[in-house]
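The primary structure of each chain is shown beneath.
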Amino acid sequence: MDGVQKRDDGQAARWKGAGGRAWVDAQAVLDGVLKPLEDVLIEAAPVREGDRVLDVGCGTGGTTVAFARLLGPEGRCVGADISEAMIDAARARAEHEGSTAGFVLADAQEYAFEPAAFDAVVSRFGVMFFDDSVRAFANLRRAVRDGGELRFLVWRGIEENPFMTTAERAAAPLLPGIPARRPDEPGQFALADPDRVRRILEGSGWAGIDIRPVDADLTLPEAELIGYFTRLGLLGQVLPGADEPTRARVVETVRAAFEPFVEGPLVRFTAACWLVGARAQGAPGGPVRGSGAEPRTDSRP
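Residues numbered from 1 in each chain as written. Predicted model: local features only at pLDDT ≥ 70, side-chain atom pairs only at ≥ 80, totals over all residues. Heavy atoms only, no water.

1. Re the overall build of the chain
Regarding its fold elements, the chain presents eleven helices and eight strands. Per-residue burial for the chain yields a buried fraction of 56% across its 301 residues. Long-range contacts, defined here as pairs at least 24 residues apart, represent 82% of the contacts in the chain between residues at least 6 apart. (Helix = DSSP H or I, 4+ residues; strand = E, 2+ residues; numbered from the N terminus. Buried < 20%, exposed > 50% of the residue type's maximum accessible area, 1.4 Å probe, protein only. Contact = heavy atoms within 4.5 Å.)

Right, dumping it as structure tokens:
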């Protein structure tokens, strides 16, 4: 059964609307770009065959399907995302690949997951958009058995990820309406401060917190670069409202700004991230491993 969204802040509206559709349209390209980080998360996650895993902010389901493969036929991976377009794409992916992965259309901050239904929670860039991070991670804590594990990837600071802000910086003189990034607000760099991450997790029932830097070399086909920066990120939010002459100037200016990252047919950049791990502290909850409890999700053979 799909979750009912209870909040409709700017981030939720974005991912339910054009932002989610843009990611679906670029699914094949983004799968390739982010594959090295999918590998990092899978390698770091302390899961084994037969485990039950929740993938938060699963997007179009790439990581969910990858974890489902790892968990085998006796395991279960459930992806949750706030974007209906992304969840539809994730379900289509799983069906096409014959995967046992399941999906729920759900705001992970609010959704009533079955208590203690999972052995682990994982996320690749899906936990930076909560409007109340303590509440969200407490909700995820309730979904995990005592001693269950948390592993997620988030971006480090803006200054360490110049590629990610190149488009908005180059376009700003031509498009003054580009939203400003504000520290600690929901968004791409909301969990860039490791001290803040630690406070959030400690305040929401997680212990054994481990935060370590990860640098991954990512590549994007140069032929996809203009489509990437015109549809995604902050520039992608405002460019559709520009008149055609302004749009043409922006595209030319921004494309030139990316030139330092271009090497022949590829765009190369480093993703500076935090890999965060934690363990669910003992607390009242539902059944433990082996009880047969199942998360509520769409059924799949």
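2. Observations regarding the packing of helix α4 (residues 62-71) against helix α5 (residues 84-97)
α5 packs onto α4 with a crossing angle of 35° between their chain directions and a minimal axis gap of 9 Å. Of the two possible hands of crossing, α4 and α5 adopt the one that is right-handed. Contact with α4, carried on its side by Gly-62, Val-65 and Arg-69, involves Arg-93, Ala-94 and Glu-97 of α5 and no other residues of that element. Tallied by class, the residues present in the contact of α4 with α5 amount to two nonpolar, one polar and three charged. (Axes fitted to C-alpha atoms, helices over the stretch in contact; angles between N-to-C directions. Left-handed = near helix turned anticlockwise from the far one by under 90°. Nonpolar A, V, L, I, M, F, W, Y, C, P; charged D, E, K, R; others polar.)

3. Observations regarding the nonpolar core
Core analysis: the biggest nonpolar cluster contains 97 residues, and Phe-113, Phe-137, Phe-152, Leu-201 and Leu-235 have the highest contact counts within it. Ignoring any residue separated from it by four or fewer positions in sequence, one finds Phe-113 in contact with Leu-54, Ala-80, Val-104, Ala-108, Phe-118, Asn-139, Leu-140 and Ala-143. (Core = buried A, V, L, I, M, F, W, Y, C linked by side-chain atoms within 4.5 Å.)

4. Observations regarding unusual backbone geometry
For Ala-116, which is not a glycine, the phi torsion comes out positive at approximately 55°. Tracing the backbone shows Ala-116 in the loop between β3 (102-105) and β4 (118-124). We classify Ala-116 as buried; its relative accessible area is 3%. Even without being glycine, Phe-125 reaches a positive phi, approximately 65°. By the element assignment, Phe-125 lies in the loop between β4 and α6 (133-142). Phe-125 gets classed as buried once you look at its relative accessible area, which sits at 12%.

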